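Survey of secondary and tertiary structure
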Amino acid sequence: MTMPAPSVKELVATFISRDIVDGEEVFVGTNLPVIRAGALLAHLHHGPNMRVMVAHTRTNLYHAPVMEHFELLTDWRAARWAEAYFNDNEVVLYQKSRRESVFFVGALQIDPHGNSNLIGLGADPKRFKMRGPGGIATPTNSSHVQRFYLYVNEHSRRVFVEKCDFVSTVGWGKGGVDARRVLGLPGGGPRYCMTPLAILDFDESSKRLRLRSVHPGVALEEVLARTGFPLLVPDHVPVTEAPTRDELAILRTRVDTQGLLRT
């Protein structure tokens, strides 16, 4: 039986999966189905020793033969009469543990060096044109992790701008290989930016966004026209590689059984 062609979301999920290595710790924020699918695809396809942390999800484990150990971020016995807490003494150790982790960041705006904005649109914070979800944990986590990825659901001049109205997550600052070291940020910075049109990476020396591949049926001219600043473009721009039959089968029968990535 022939499988329907992969959707763009399945394409991106597969790209994410292939960049995650077995043994890595990956943590995914709330309401990110494509990112979640990519992380779980990596886990099921080639990463049995991965640790996957997915925030604010529900599951039913009734038919699971063994309940695997759930590792707690903090010792709950230290808290009394509290709905939620975080032990301040563990904050530093917690962030140090993130040095080998992989993280994902969404954005309302992204500038040429991968700095991004989740705060809001408009120069005046008292009169936002649009209010975002806020930085939540992204500023801290993205500062410490081994690497992070930018993901947006829209590729337009509204999203890709010369200068963000606010910066909630620092990418490569003002550019250059030493940009993060100069700012005192210990983490490895953003590696890729994934959109509905293309995959972008960062030039090795300038750390400016560069076109890595375009998705099937997308013209180079469309990507450039819908980006609010000049993208670096290599001599050859390939089409984003499709999932293998095995990867697609895992996505559709084990990860995304409801077909959310195909809508």
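The paragraphs below set out a description of the structure included in this document.

Reading the values: the criteria
Residues numbered from 1 in each chain as written. Predicted model: local features only at pLDDT ≥ 70, side-chain atom pairs only at ≥ 80, totals over all residues. Heavy atoms only, no water. Helix = DSSP H or I, 4+ residues; strand = E, 2+ residues; numbered from the N terminus. Buried < 20%, exposed > 50% of the residue type's maximum accessible area, 1.4 Å probe, protein only. Contact = heavy atoms within 4.5 Å. Areas by Shrake-Rupley, 256 points an atom, 1.4 Å probe, with all protein chains shown as cover. Axes fitted to C-alpha atoms, helices over the stretch in contact; angles between N-to-C directions. Parallel < 35°, antiparallel > 145°, perpendicular 65-115°, else oblique. Left-handed = near helix turned anticlockwise from the far one by under 90°. Pairing = 2+ DSSP bridges. Nonpolar A, V, L, I, M, F, W, Y, C, P; charged D, E, K, R; others polar.

**A closer look at the overall build of the chain**
- Each helix and strand in the chain was counted, giving seven helices and eleven strands.
- Expressed as a percentage of its 263 residues, the buried residues of the chain come to 45%.
- Once local pairs closer than 6 in sequence are excluded, the contacts in the chain between residues at least 24 apart make up 68%.
- Summing over all exposed atoms, the chain offers an accessible surface of approximately 15000 Å²; the carbon and sulfur share of this is 55%.

**Brief notes about the packing of helix 1 (residues 8-18) against helix 7 (residues 245-255)**
- Where helix 1 meets helix 7, the closest approach of the two axes is 11 Å, and the angle between their N-to-C directions is 110°. With respect to each other, helix 1 and helix 7 are oriented roughly perpendicular. The way helix 1 lies across helix 7 gives a crossing that is right-handed. Between helix 1, through E10, A13, T14 and R18, and helix 7, the contact on the second element is made entirely by E247, L248, L251 and R252.

**Focus: the pairing of strand 9 (residues 190-194)**
- With respect to burial, strand 9 is a largely interior element, four of its five residues being buried.
- As paired strands, strand 9 and strand 10 (residues 198-202) are joined by two bridges and run antiparallel to one another. Considered in strand 10, the bridge of C193 is made with L200.
- Counting the residues in the hairpin turn of strand 9 and strand 10 gives three residues.

**Topic: the packing of helix 1 against helix 2 (residues 33-45)**
- Contact pair helix 1 / helix 2: the axes reach a minimum separation of 7 Å and the direction vectors enclose 45°. What the angle tells us is that helix 1 and helix 2 run oblique. Of the two possible hands of crossing, helix 1 and helix 2 adopt the one that is right-handed. Side by side, helix 1 and helix 2 meet where K9, V12, A13, T14, I16 and S17 of the first sit next to V34, I35, A37, G38, A39, L41 and A42 of the second.
- Split into classes, the residues belonging to the contact of helix 1 with helix 2 amount to nine nonpolar, three polar and one charged.

**Some remarks on helix 1**
- Counting buried positions along helix 1 gives eight out of eleven residues, so the element sits mostly inside the fold.
- Every buried residue of helix 1 is listed here: E10, L11, V12, A13, T14, F15, I16 and S17.

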